[in-house]
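# Overview (structure and organization)
Here is how the chains run, residue by residue.
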Amino acid sequence: MSYKLSKTLIAIDTVYMLLTSGSASAADARTSRGFLKLDKDTQEVYLLASIATAMSLATQVRKGLAPCISKWYTKDLTINQKRHDQIRQYMAENPSYSPSAIMIAVLQKQCGKFHSDSK
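Since this is a predicted model, take the numbers as computed values, not measurements.

Reading the values: rules and limits
- Residues numbered from 1 in each chain as written.
- Predicted model: local features only at pLDDT ≥ 70, side-chain atom pairs only at ≥ 80, totals over all residues.
- Heavy atoms only, no water.
- Core = buried A, V, L, I, M, F, W, Y, C linked by side-chain atoms within 4.5 Å.
- Buried < 20%, exposed > 50% of the residue type's maximum accessible area, 1.4 Å probe, protein only.
- Helix = DSSP H or I, 4+ residues; strand = E, 2+ residues; numbered from the N terminus.
- Contact = heavy atoms within 4.5 Å.
- Phe/Tyr/Trp six-rings, centres within 6.5 Å; stacked < 30°, edge-to-face > 60°.
- pLDDT = per-residue confidence, 0-100.
- Expected span 1.5 Å × (residues − 1).

### Some words on the nonpolar core
Counting 23 residues, the largest nonpolar core has Ile51, Ile69, Ile87 and Phe114 as its most contacted members. When residues of this core are traced back to their parent elements, those giving at least two are α3 (40-58), α4 (65-73), α5 (79-93) and α6 (99-111). Ignoring sequence-local partners within four residues, the contact set of Ile69 consists of Ile51, Ala54, Met55, Ala58, Leu107, Cys111 and Phe114.

Next comes the structure, spelled out in structure tokens:
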């Protein structure tokens, strides 16, 4: 795993831990199964904050990565909810994985790896 990918995962995990720390099911929320049990508003805040965090970090990873994520996520005003539903579907299909791992996998599927091509 590259350093920049690790940094992105840590940042997204931090957002998630802050959102779920007061939850009675905080330990269970570390998996996608637990995430999907959280109230819809908490899920929405996490998804929005995670994508914003990933876009911010992507500007320092690889040229074109952040604009790709932005275009995929903000193509029009109705697309955000569709993207959130798509991410939730991946979480439902992979309930034992962490929400941050699912987020990175979805973003990498759309826009490529979170690491620089140069060494």
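Still more ground to cover, so stick around.
### Comments concerning the packing of aromatic side chains
Scanning the model with the defined rule gives two aromatic pairs in all. Here the aromatic rings of Trp72 and Tyr73 are separated by 6.5 Å at their centres, their planes lie at 35°, and the arrangement is tilted. Neither Trp72 nor Tyr73 differs from the other in exposure class; each is buried.

### Looking at the confidence of the model for the protein chain
Residue-level pLDDT values for the protein chain average 79, and 71% of them are 70 or greater. Per-element confidence in the protein chain is highest for α5, whose mean pLDDT is 93, and lowest for helix α1 (residues 3-20), whose mean pLDDT is 55.

### Regarding α5
The end-to-end C-alpha distance of α5, which contains 15 residues, comes to 21 Å, matching closely the 21 Å that a straight helix rising 1.5 Å per residue would cover. Within α5, burial applies to Ile79, Arg83, His84, Ile87, Arg88 and Met91. Summarising the contacts, the buried residues of α5 are in contact with α2 (32-35), α3, α4 and α6.

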